[in-house]
Amino acid sequence: MSGRVLVVGLGPGPDHWRTPEVADALDAATDLVGYGPYVDRCPERPGQVRHGSDNRVELDRARLALDLARAGRTVAVVSGGDPGVFAMAAAIMEALDADPSARDLDVSVLPGISAMQAAAARLGAPLGHDFCAISLSDNLKPWPLVVRRLTAAAEGDFVIALYNPASKARPTRIFEAFDLLRTLKAGDTPVAFARAVGRPDERILLATLRDADPAVVDMATCVIVGSSESRFIARPGGARPWLYTPRSAPFSPSSGEAG
Ligand code: SAH
């Protein structure tokens with residue numbers, strides 16, 4: 001019998017943010033393949049084989065999944081959030097691209113809620129108008145490319161969702177990113193640090209670009225930097241203000257420039 005590869009997104013944390021389709025795929029899988037902490041978030045099933053690995057070997061993991069499927073197994077490849085956003089779906093596609101003999105395998109990608117969507121829901125509607133997502137990790141791309149994209153995103157006045165803002169190996173990149181954005185965007189641009197959204201240790205911090213302290217980020221943080229239209233709405237009783245980006249934006253040639 002030929003096997004299957006189900007590339008699934010676990011969502012940002014809690015089980016109730018996991019789609020029923022993904023829960024069914026995890027039930028049906030004979031094998032789980034993924035970064036150890038994500039595999040650990042999947043329910044234990046008798047007889048299921050769990051292949052946890054560290055987070056630097058995405059392509060090896062993808063090849064392992066294809067090999068297991070070729071041997072007739074039903075393999076769930078697990079990512080946090082959505083599998084198509086800085087995650088395993090692209091690694092599986094890369095493995096298929098490199099290996100024509102694997103292309104007749106039955107491969108499906110099952111979506112999940114991405115961190116920026118979960119963060120946006122907590123905050124209000126910061127992604128309500130045009131936005132982009134940029135990973136600050138330079139494991140798989142050179143830092144000058146990150147700088148180019150941050151610059152273009154600021155000049156295009158996009159709301160920017162920053163993934164992978166820091167790690168032990170790269171603690172300073174978020175400071176460099178903020179230093180750059182401060183030269184390109186107004187000081188009162190809203191910023192949100194959304195950490196571990198949906199998990200017990202969730203923490204949301206709001207600031208302006210001028211005052212934001214990037215030292216608060218860690219690998220569980222998604223950072224949202226507003227456009228020139230993004231704004232806070234004060235709430236009574238000490239509640240955290242809403243953050244939103246209106247759905248209409250007047251054209252102004254200076255939008256996105258420091259002011
Ligand atoms: N595929 C994932 C992203 C993987 S990259 C997705 O779609 O969400 C890992 C980065 O995602 C982290 O460094 C962090 O920036 C972000 N992230 C993942 N889970 C998060 C959560 N619960 N809260 C905030 N950010 C999160």
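What counts, and at which threshold
Residues numbered from 1 in each chain as written. Predicted model: local features only at pLDDT ≥ 70, side-chain atom pairs only at ≥ 80, totals over all residues. Heavy atoms only, no water. 1 Å grid on protein atoms, 1.4 Å probe; cavity = no way out; pocket = protein on both sides within 12 Å on 5 of 7 lines; lining within 4 Å. Points joined across faces, edges and corners; volume = space filled by probe spheres on them. Helix = DSSP H or I, 4+ residues; strand = E, 2+ residues; numbered from the N terminus. Nonpolar A, V, L, I, M, F, W, Y, C, P; charged D, E, K, R; others polar. Domains from an automatic or database assignment. Salt bridge = Lys/Arg side-chain N within 4 Å of Asp/Glu carboxyl O. Buried < 20%, exposed > 50% of the residue type's maximum accessible area, 1.4 Å probe, protein only. Contact = heavy atoms within 4.5 Å. Near = heavy atom within 4 Å. Polar contact = N/O pair within 3.5 Å; in protein donor to acceptor, adjacent residues only side chain to side chain. Areas by Shrake-Rupley, 256 points an atom, 1.4 Å probe, with all protein chains shown as cover. Sits in = over half its atoms within 2 Å of the grid points.

Visitor: Mind laying out the layout of surface pockets, listing which residues take part and the relevant values?
Guide: As a volume, the largest pocket reaches approximately 1,600 Å³. Around the largest pocket, the lining is made up of 47 residues, and of these Tyr38, Glu58, Phe86, Asn164 and Met219 lie nearest the centre. Mapped onto the lining of the largest pocket, the elements with two or more residues apiece are α2 (36-40), α3 (58-70), β4 (74-79), α4 (88-98), α5 (115-123), β9 (190-195) and β11 (221-225). By residue number, the principal contributor to the lining of the largest pocket is α4, which donates four residues. Classifying every residue of the lining of the largest pocket gives 24 nonpolar, 13 polar and ten charged. Structurally, the lining of the largest pocket is a two-domain feature, drawing no fewer than three residues from each of domain 1 (4-113) and domain 2 (116-249).

Visitor: Give a detailed account of the pattern of salt bridges, specifying residues and quantitative values.
Guide: Applying the stated criterion across every chain, the model contains 14 salt bridges. For Arg173, the salt bridge is made with Glu176, and the minimal N-O distance between the two is 3.0 Å. Taken together, the residues Arg173 and Glu176, both in helix α7 (residues 173-184) and three residues apart, mark about one turn of the helix. Judged by relative accessible area, which is 19%, Arg173 ranks as buried. Shared partners join several salt bridges into a network, and the residues in it are Asp67, Arg70 and Asp99.

Visitor: Help me get a handle on the environment of Asp188, residues and values and all.
Guide: Checked against the element boundaries, Asp188 lands in the loop between α7 and β9. Judged by relative accessible area, Asp188 falls into the exposed class, the value being 52%. It is 6.3 Å that separates the C-alpha atoms of Asp188 and Arg210, two residues lying 22 residues apart in sequence. Setting aside residues up to four positions removed in sequence, Asp188 forms contacts with Thr208 and Arg210.

Visitor: Explain the site of the ligand to me, and be specific about the residues and the numbers.
Guide: By nearness alone, 20 residues border the ligand, and Val85, Ser114, Ala115, Met219 and Thr221 come closest of all. Take Ser114: an N or O atom from its side chain is 2.6 Å from an oxygen atom of the ligand. Between Ala196 and the ligand, the recorded distance is 3.4 Å, taken from a backbone N or O atom to a nitrogen atom. For the ligand, whose accessible area on its own is 550 Å², the fraction buried by protein is 94%. Judged by the fraction of its atoms near the pocket grid, the ligand is located in the largest pocket.

That is the geometry; function is a separate question.
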